[in-house]
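Structural features, examined
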Amino acid sequence: MLPPLVLLVACAMSVAVSFAEFAPRLIAWQRQHGRHGLPWQVDDPYKVWVSEIMLQQTQVSTVLGYYPAFLQRFPDVATLAAAPLDDVLAAWSGLGYYSRARNLHRAAGQVMNEFAGRFPDSQDALMTLCGVGRSTAAAIAAFAFARRAAILDGNVKRVLTRCYGIEGWPGDKAIENQLWTLAEQLLPDSVAHMAAYTQGLMDLGSLLCVRGQPRCGECPMADGCVARAQGRQRALPTARPRKAQPLRSTVMLLARNAAGEVWLQRRPDSGVWGGLWSLPELADIGEAPHWLAAAGWTAAPLTPPWPTVQHVFTHFRLDITPQPVQVRATAGAGPADGRWWTQEAALALGLPAPVRRLLDTRQDSLW
DNA sequence: AACACGGGGCG
DNA sequence: CGCCCAGTGTT
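Keep in mind it's a predicted model, so treat the numbers as computed, not measured.

So, about unusual backbone geometry. Geometrically, the link from leucine 236 to proline 237 is a cis peptide bond, its omega value of -5 degrees lying close to zero. Tracing the chain through its elements places proline 237 in the loop between helix H14 (226-229) and strand S1 (247-256). Positive phi values are uncommon outside glycine, yet glutamine 57 reaches one of about 60 degrees. Mapped onto the fold, glutamine 57 is located in the loop between helix H3 (45-54) and helix H4 (60-64). Here glutamine 57 falls in the exposed class, since its relative accessible area comes to 61%.

Structure below.
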């Protein structure tokens, strides 16, 4: 472990890879360590386009299992456009996200009808095709037409946010705009290496700069990576903000009889705390008199509730208002699914964590 | 079980 | 125009 001062100095001195340096480093790395010989790394916009659509949300290794047969069945855009949609869907079978296949078929028709069977060669024109957004259009433009267009997919976002220490969720418009601007600033000056550069970005993001365990030791940007200098690889890109969990609230009835026992009832087998013994729950304190009457109990006037406690689940928060009530129970009375328990016996049961806390002896002073 | 993901759809 | 979704794989 380095002493704090050394870390501080290291942070202060670390400088991100300069914009001018980024592309040359990436291109050199791609030449030596990137992917080569993929079946879509050819000079044919149709083949590039099909691969880019398949590669949306699908890994290279998976696409490799489907691409050759698809290309054999639909060797060019005219064949694809003329084929029945069902044939296209059949060839797509197993790749998932079938809207991509429908869009592919529609876009083939667009190329035939609106572009006379020749793929448009600009990012903007490519974006008019169904299923082709800004990033996919840039990839096709770069690979097939050596256009100076910036891609920005999930892999690239990871590389850029880490290398340049960009904080904030990339789904935010402001952050995404910032990333697009950066992606364009990093493009190589010359159009000559656009394919290697674009492939390099994809490869770096999917081979080294991965989400879980980035292999920084092999990364060409390592010495100029802000995230690495600060040990924040895992913190970038910033995760989507957890949408505020829905807040539910409930009243838990702490009913005690003359013997000091507490009333518990078994919860339904399904749902939260399935099958556990727990306290009776009411949606509102105002229901308490009716609930007690239905139970066949004579109760003392309600005292003020205990302070609300909050319990956090993975998908929601639950505010629990504990309402104590002293009852004079008659034998056999009470809801059918419950019974009286001594405190000791109750605490030996499987209880929801907040219920256990409420029954704990430390709460005795509240009674 | 939660998170991630490019483009489309919807309000 | 901005927010959220569908559908699937990964962690």
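Within the secondary structure, isoleucine 175 sits in helix H12 (residues 173-185). Spatially, the C-alpha atom of isoleucine 175 lies 9.7 Å from that of threonine 161, the residues being 14 residues apart in sequence. Setting aside residues no more than four positions away along its own chain, isoleucine 175 makes contact with Ile166, Glu167, Gly168, Trp169 and Pro170.

Here we take up the protein's contact with DNA strand B. In the neighbourhood of DNA strand B, 18 residues make up the surrounding shell, with Gly131, Gly133, Thr136, Gly154 and Arg242 lying closest. Each atom of DNA strand B within 4 Å of the protein was assigned to sugar, phosphate or base; sugar and phosphate come to 75%. Note that a phosphate oxygen of DNA strand B is positioned 2.4 Å from one of the backbone N or O atoms of glycine 131. Note that a phosphate oxygen of DNA strand B is positioned 2.5 Å from one of the backbone N or O atoms of glycine 154. Elements with a minimum of two residues in the surface near DNA strand B: helix H10 (134-145) and helix H11 (154-163). With three residues, H10 is the single largest residue contributor to the surface near DNA strand B. Among the residues forming the surface near DNA strand B, the class breakdown is three nonpolar, nine polar and six charged.

The next thing to look at is helix H8 (residues 99-114). Every α-helix carries 3.6 residues per turn, so stepping three or four residues along brings you back to the same face. The end-to-end C-alpha distance of H8 is 21 Å, a good match for the 22 Å that 16 residues give at a rise of 1.5 Å each. Inspection of H8 places Arg100, Ala101, Leu104, His105, Ala107, Ala108, Gly109, Gln110 and Val111 among the buried residues, and these make up the whole buried set. Looking at the buried positions of H8, the neighbouring elements they touch are H3, helix H5 (67-73), helix H6 (77-82) and helix H7 (85-92). At the exit of H8 stands alanine 116, carrying a positive phi of roughly 55 degrees.

Parameters at a glance
Residues numbered from 1 in each chain as written. Chains lettered and ligands numbered in written order. Predicted model: local features only at pLDDT ≥ 70, side-chain atom pairs only at ≥ 80, totals over all residues. Heavy atoms only, no water. Helix = DSSP H or I, 4+ residues; strand = E, 2+ residues; numbered from the N terminus. Buried < 20%, exposed > 50% of the residue type's maximum accessible area, 1.4 Å probe, protein only. Contact = heavy atoms within 4.5 Å. Near = heavy atom within 4 Å. Polar contact = N/O pair within 3.5 Å; in protein donor to acceptor, adjacent residues only side chain to side chain. Nonpolar A, V, L, I, M, F, W, Y, C, P; charged D, E, K, R; others polar. Expected span 1.5 Å × (residues − 1).

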